[in-house]
Structures are given as structure tokens and as C-alpha cells.
Amino acid sequence: MSDTTRRLRSQDWFDNPDHVDMTALYLERFMNYGITPEELRTGRPIIGIAQSGSDLSPCNRHHIELAQRVRDGIRDAGGIPIEFPMHPIFENCRRPTAALDRNLAYLGLVEVLHGYPIDGVVLTTGCDKTTPAAIMAASTVDIPAIVLSGGPMLDSFHEGDTAGSGAVIWKSRRRYAAGEIDREEFLAAALDSAPSIGHCNTMGTASTMNALAEALGLSLTGCAAIPAAYRERGQMAYRTGRRAVDLVNEDIRPSAILTRAAFLNAIRVNAAIGGSTNAQPHLTAMAHHAGVTLLPEDWQVHGYDIPLLADVQPAGRFLGERFHRAGGVPAIMWELLAGGKLDGGCATVTGRSVADNLDGHEATDREVIRPYAAPLRERAGFRILSGNLFDFAIMKTSVISDDFRARFLSTPGHENAFEGRAIVFDGSEDYHARINDPALDIDETCILVIRGSGPLGWPGAAEVVNMQPPDHLIRRGILSLPTIGDGRQSGTSDSPSIVHASPESAAGGGLAWLRTGDRVRIDLDAGRCDMLVGADEIARRKAAGIPPVPEDATPWQRIYRQETTQLADGAVLKSAAGFRAISAKPPRHNH
């Protein structure tokens, strides 16, 4: 029920009887493009549209057109739309890494939502980090907010086979290393994987984070997986605009939705869809800004035993368009709810509970979305690891292949545990320069390690941990080796890498003291990853100091390094922790 007596936040700008001079100042310049004072002064909700689409953000670019349907919905519901740009984020192209931009986009959006006359906001998302950046900001400010994802590209094919975004590149680089294709064939496969507008059509980080926005209750039911090119995407944009006005009238804010139970639901959904490892720092960051305690062990306790239900690349076979047609995120959540693994009482932006939203959303294609009782894999969550190499890291178990399991995790009497000789690289440049160096004598029992790739070392934490074996092993059919790193890996990768090692080497973590030739033992059952090096030798190595990292190239890189926590803690800005629900107090006037 709408509260007709409550004054809206925007009225402090446009209808303030105590400051007629300021009201005049705030109103005056909006007149120059034809908006009327009556619109702004009569208490109609002003809904911001946080525009993440631009020519620099091709995965989100279609939001430029979708915004018109959002505007239509806002107008029809009695609101006033005001569109503004977000800091661009483009995962594939931003150097040295788009991870730098998540916190920067967060800061910019906080300032806009706090400092301007906005009563509610539609958060347009798509490419990986646009989703967490937007939700982090909405939590800090705590005005009514709703997520409109842009949707994946249409299913893509190359020479008759699926060519999933990102996944086809990792597959092709192996084929290229084996001499099966040349450079032009490599490029052709990659280019065929982008057939339409939209973000990655695999269950990479983009699809994952938009699925988790829906799982958290911040999107309308069914929003996340609608392909960008479908008519339903424009219809969803319209309905999202309408609902944004209702959220303001009903005063439903992110703080009422983003509870611990909602975040635990998202962890479970992530496992069931075979979601990206990048979900861990992003969900942790969003919880941090929502004032919710999300512990590292929550990924193990609440997510590890969840079955894999979505047969979608990289953990499965199909792509986003087929996933949507099978029922998408609601069908996954329906299965988890029926299996007793989802909290159906959580609130959502629909104004209804999770359980109410899921009524009637059973999957329509059981080849793509499996029943809870007959999953692709019984346990699909992240395995949490610790040891003398790090205090925290995760391993995505849903992408452990049969070949990998046979070679490393099937020793009789020592199942799920193995040892290997470490081959250590200082950054991706070192890896690319030396991976085929015969002097390293890399064989099928080695463990590839990359350091200097975390938030401080890169800076920003780069997707470089999914390293492929040297060419001579690939030509023998050895397509993957165990990999460890203090950075991230692409959400589209099928490598069961151990990632997000925290503390990272640049912060004095154990990877800094590892040397090529050391033995490393990994025990998944015990949750341990250790270098088999004596304490005296480790102490001697520590005396030599931390491996060097690149100099700061920009002012923001320096600020980022000074202020950012480790991946275990979400790589958030330390000084932002205390800012929450800042919209409760109007900002000072500017004159």
C-alpha cells in the first residue's frame, strides 16, 4: 500500500517551503530541455536510470535502447525518469584489469544516488562487474532499487558446434597449441561466439552475477536469463520501470531484501548453476556493503553440497538461450526450494516472497535443467582451502573433469589428494614467456602457480590463473594441470583452478615464498594446500623480501592499492565499510 503522507526525498530539492531560493535554483536548469515544474514539484517519484551501456561497454550497450522502455514504464506508473551514466566497465578490453573499475564505479554511483534528487533507481547491469558495483552502491545509499540485467547473447555456433563466449577461446587456444588450427581459424572461432547484442552466453561471471541478483531478490522473476535480443527483454525493461515506482511508493529498500538468508540463497544458486568463482568476492563485497556477515566458510557449509542442476557451459554443454527457454533462474530456484535448500520466505522487489515468486516455475527442458534428485553432479559448490600457502582460497568443483579426476584425485587410499612439483610464475608475462621453456621440465604431474596477480600485486586482481599446460603436453592430450594463484580466473573457464589465494604474495602470503621445484600437497577432503618446505627454509626466503610488483600507473591504482582488502574479504574499499543507509539524512545544500 502506498504511503501518500510520506514526503519523497526529491521533494527536499523541488518542493521545499523553507528554502524557496534553493528550490528555484534546483528547478531552474531542468527547464532547459522542456521538463515542466509541475512534474518535479507535485511529489511524483523521481526514478534514476543508472545507465551502464556505452560504446565502451558493448555487452551493456543495448541498455541505451532498453532505457526507453524503462522510461515508458516509469511514466505509466506515475514517476519521472532521469537517466545518467555509470563509469564504464568492459571485462574483455580494460587493461590492466576491469577489477579496478568495480570499486570505482561503486564510488561514482554512490555519489550520484546520494547527491542528486533521486527517490529510487533502476540499475542496468550486464557485464561482470556492473552488477556488483551497482548493488554495492544501492546498499550504501539504501534508496529503493531494482536490477534490470541486459541478458546474454543468442546461442552461438562455429562449424556446427556451440561456440560459447570465452569457453571457445580456452578450447581454441589448446587446439592452437596442439597445432590443430592456425591463427585465422582461432580468430574465426572466437568471433563466431558473438552473434548478437548481450553479454556472455555461457555461465561466465556476467550470467552468474545477473542470476545471483535475481536470486537475492533484486530483479523481477525471470529477468536474468532472457536473451538480450528477445522481445521479452524490452517487456521486462518496461515492467521493471513500473515496479521501480511502486518500490518508492511502498518504501521497499535494499536493506529489507539483502539479508543473510538472501545471500545464503545466492550461494546455493551459484553452485546449482555452476557459477563463476568470481561470485565469491562479488557476493562478499555486496554483503559487506549491505551490513551482512558473510563468512568464508559459508561457501563450504551452505554451498558445497548443492548439486549441479544447469547443464550450461563451462560446467556443462548448453548456452544461455537454451537455459532461458528451459526455465532459467526461476526453474533452478524452484528445484532448490523443492529440495529444501532454499529459504522461500525471503523478501524480493516483487513485493512477494521467494516461494510465491517461484510458483509454477518448474523447468520445461529436463536436458538443460535437471531435477534436484537427478543432477549432473552431486556436489557442485566451491571447496574452501587453507594451508601454509594461504589462509583462504577456493576451488570450483563443478568443472573437475573425468580426466583431471583420474589423473590427480583417484590414487587408491589417497583419493582427492595429490602432490606435485610447483612451477612458479611471477605474473602472466612471465608465464607466457616461459611456459614452453624446456628447462622447466614440466610434466603431467606438475602444478602451475602464478603470483603477483591479486588486488595489490596486479593491481586489481587479474583473470590469469586458468593457465594451460605447455604445448608438448597438450599435443599428448594433457589438456589441464592443477593451477594455483592469488588472482582470479575467467568465469567462462573450465579449469578447476585454486584461486583468490589470500593473503596474496604482494601482501606477504605464502605464495611469495614458494619456489619452482618445491613440492606442493593438495588435499581436498582436508581442505589443505601446503608447500612441503621446512619452517627454517621458509624463514630464510622471507628474509629476501616480497617479489616486486609493477609501479602504480595512475592515481586511482595508487588509491586502490592503499584502500583495497584481499579477495577473501571481497576486495572492497576499507574506508567505505562504515557508510550505510546514507540517504537517511539529506545532503547539505550547495548554496
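Anything mentioned here points back to the structure above.
This write-up is about the structure you can find in this document. Just so it is clear, the model here is predicted, and its values are computed rather than measured.

**Quick notes on the nonpolar core**
Thought 1: Judged by nonpolar contacts, the single largest core of 154 residues is most densely connected at Leu 283, Phe 323, Ile 484 and Val 520.
Thought 2: No other element matches the nine residues that helix α12 (residues 260-273) contributes to this core.
Thought 3: Apart from residues lying up to four places away in sequence, Val 520 is in contact with Leu 389, Phe 418, Glu 419, Gly 420, Ala 422, Ile 447, Ile 484, Leu 514, Cys 529, Asp 530 and Met 531.
Thought 4: By size, the runner-up hydrophobic cluster in this structure holds ten residues, among which are Phe 14, Met 22, Leu 27 and Ile 82.

**A word on the packing of helix α6 (residues 130-141) against helix α13 (residues 279-290)**
Thought 1: Contact geometry of α6 with α13 gives a least axis separation of 8 Å together with a crossing angle of 10°. On the basis of their axis angle, the class for α6 and α13 is roughly parallel. Each of Pro 132, Ile 135, Met 136, Ser 139 and Thr 140 in α6 lies in contact with α13, whose residues at this interface are His 282, Ala 285, Met 286, His 289 and Ala 290.
Thought 2: Of the residues in the contact of α6 with α13, the class split is six nonpolar, four polar and no charged.

**Side note on the pairing of strand β13 (residues 519-523)**
Thought 1: For strand β9 (residues 417-426) and β13, the ladder comprises five bridges, and the chain directions are antiparallel. Each residue of the ladder has a partner; that of Ala 417, found in β13, is Asp 523.
Thought 2: Of the pairings in the sheet, the one linking β13 to strand β14 (residues 528-531) comprises four bridges and is antiparallel in character. For Arg 521, the partnering residue across the bridge sits in β14 and is Asp 530.
Thought 3: Here β13 folds back onto β14, and the loop between the two strands holds four residues, one of which, Gly 527, carries a positive phi near 70°.

**Brief notes about the sheet that holds strand β4 (residues 145-149)**
Thought 1: The strand order across the open sheet built from four strands is β2-β1-β3-β4, with neighbouring strands paired in parallel fashion. Only two strands of the sheet have a single neighbouring strand rather than two, namely β2 (80-85) and β4. Adjacent strand axes in the sheet meet at a mean angle of 25°, parallel and antiparallel pairs treated alike.
Thought 2: By the bridge criterion, four bridges tie strand β1 (residues 46-51) to strand β3 (residues 120-125) in an arrangement that is parallel. Across the sheet, Ile 49 pairs through a bridge with Val 122, a residue of β3.
Thought 3: Sheet contacts for helix α5 (residues 99-115): β1, β2 and β3; angle to β2, the most-contacted strand, approximately 150°.

**Focus on the side chain of His 289**
Thought 1: Note on placement: His 289 falls in helix α13.
Thought 2: Residue classification places His 289 among the buried positions, given a relative accessible area of 1%.
Thought 3: Residues within four places of His 289 in sequence aside, it is in contact with Tyr 106, Met 136, Ser 139, Thr 140, Val 572, Ala 576 and Arg 580.

**A closer look at unusual backbone geometry**
Excluding glycine, most residues fall at negative phi; most peptide bonds, likewise, are trans.
Thought 1: Cis geometry marks the peptide bond from Arg 95 to Pro 96; its omega dihedral reads 5°.
Thought 2: With omega at 5°, the peptide bond leading from Trp 458 into Pro 459 counts as cis.
Thought 3: Along the chain, Pro 459 falls in the loop between β10 (447-451) and α20 (471-474).
Thought 4: A positive phi angle, close to 70°, is found at Asn 416, a residue other than glycine.
Thought 5: By the element assignment, Asn 416 lies in the loop between α18 (402-408) and β9.

**Re the packing of aromatic side chains**
Thought 1: By the definition in use, this model includes seven aromatic pairs.
Thought 2: Judged by centre distance (5.4 Å) and plane angle (25°), the ring pair of Trp 299 and Phe 382 falls under stacked. Of this pair, Trp 299 sits in helix α14 (residues 298-303) while Phe 382 sits in strand β7 (residues 382-385), and the two are 83 residues apart along the sequence.
Thought 3: Classification of Phe 382 as buried rests on a relative accessible area of 2%.

**Re the pattern of salt bridges**
Thought 1: On inspection of all chains with the given rule, the structure shows 38 salt bridges.
Thought 2: Measuring nitrogen to oxygen at the nearest pair gives 2.8 Å for the salt bridge that ties Arg 29 to Glu 28.
Thought 3: The partner of Asp 523 in a salt bridge is Arg 521, with the nearest N and O atoms 4.0 Å apart.
Thought 4: Relative accessible area serves as the criterion here: at 28%, Arg 521 is assigned to the partly exposed category.

**Concerning the packing of α6 against helix α9 (residues 205-216)**
Thought 1: Their axes nearest at 8 Å, the elements α6 and α9 cross at an angle of 35°. Only Met 209, Asn 210 and Ala 213 of α9 make contact with α6, whose side of the interface consists of Thr 131, Pro 132 and Ile 135.
Thought 2: Residue composition of the contact of α6 with α9, grouped by class: four nonpolar, two polar and no charged.

**Concerning α9**
Thought 1: End to end, α9 covers 16 Å across twelve residues, agreeing with the expected 16 Å (1.5 Å per residue, within 8%).
Thought 2: With twelve of twelve residues buried, α9 is to be regarded as a mostly interior element.
Thought 3: Of the residues making up α9, those classed as buried are Thr 205, Ala 206, Ser 207, Thr 208, Met 209, Asn 210, Ala 211, Leu 212, Ala 213, Glu 214, Ala 215 and Leu 216.
Thought 4: Trailing α9 by a residue or two, Gly 217 shows a phi angle of about 100°, which is positive.

**Quick notes on the environment of Met 153**
Thought 1: In this structure, Met 153 sits in the loop between β4 and β5 (157-158).
Thought 2: Met 153 sits in the buried class, given a relative accessible area of 9%.
Thought 3: Considering only alpha carbons, one finds Met 153 and Pro 227, 74 residues apart in sequence, at a separation of 5.8 Å.
Thought 4: In this structure Met 153 touches Ser 165, Ser 193, Ala 194, Pro 195, Ser 196, Ile 197, Gly 198, His 199, Cys 200 and Asn 201, once residues within four positions along its chain are discounted.

**Quick look at the environment of Pro 470**
Thought 1: With respect to the secondary-structure elements, Pro 470 resides in the loop between β10 and α20.
Thought 2: The class for Pro 470 is buried, based on a relative accessible area of 1%.
Thought 3: When the C-alpha atoms of Pro 470 and Asp 101 are compared, they prove to be 32 Å apart, with 369 residues separating the residues in sequence.
Thought 4: The residues contacting Pro 470, other than those within four sequence positions of it, are Ile 435, Asn 436, Ile 442 and Leu 481.

**Quick word on a negative patch on the surface**
Thought 1: Negative charge collects at one region of the surface, where Glu 159, Asp 161, Asp 182, Glu 184, Glu 185 and Asp 192 lie side by side.
Thought 2: Residue contributions to the negative patch peak at three residues, all from helix α8 (residues 183-192).
Thought 3: Looking at the secondary structure, you find Glu 159 in the loop between β5 and β6 (161-162).
Thought 4: A relative accessible area of 66% places Glu 159 in the exposed class.

**A word on helix α2 (residues 20-28)**
Thought 1: Considered for burial, the residues of α2 that qualify are Met 22, Thr 23, Tyr 26 and Leu 27. All buried residues of α2 project into a common sector of 130° when viewed along the axis, lining one side. Pointing more than 90 degrees away from the buried face of α2 are the exposed residues Val 20 and Asp 21.
Thought 2: Buried residues belonging to α2 abut α1 (11-14) and α3 (37-41).

Parameters and conventions
Residues numbered from 1 in each chain as written. Predicted model: local features only at pLDDT ≥ 70, side-chain atom pairs only at ≥ 80, totals over all residues. Heavy atoms only, no water. Core = buried A, V, L, I, M, F, W, Y, C linked by side-chain atoms within 4.5 Å. Buried < 20%, exposed > 50% of the residue type's maximum accessible area, 1.4 Å probe, protein only. Helix = DSSP H or I, 4+ residues; strand = E, 2+ residues; numbered from the N terminus. Contact = heavy atoms within 4.5 Å. Axes fitted to C-alpha atoms, helices over the stretch in contact; angles between N-to-C directions. Parallel < 35°, antiparallel > 145°, perpendicular 65-115°, else oblique. Nonpolar A, V, L, I, M, F, W, Y, C, P; charged D, E, K, R; others polar. Pairing = 2+ DSSP bridges. Phe/Tyr/Trp six-rings, centres within 6.5 Å; stacked < 30°, edge-to-face > 60°. Salt bridge = Lys/Arg side-chain N within 4 Å of Asp/Glu carboxyl O. Expected span 1.5 Å × (residues − 1). Patch = residues over 30% accessible without salt bridge, like charges linked within 9 Å, V, L, I, M, F, W, Y side chains within 5 Å. Areas by Shrake-Rupley, 256 points an atom, 1.4 Å probe, with all protein chains shown as cover. Lys, Arg positive; Asp, Glu negative; His and termini not counted. Charge placed at Lys NZ, Arg CZ, Asp CG, Glu CD. Arc of directions from axis to C-beta.

Distances and angles like these do not, on their own, reveal function.
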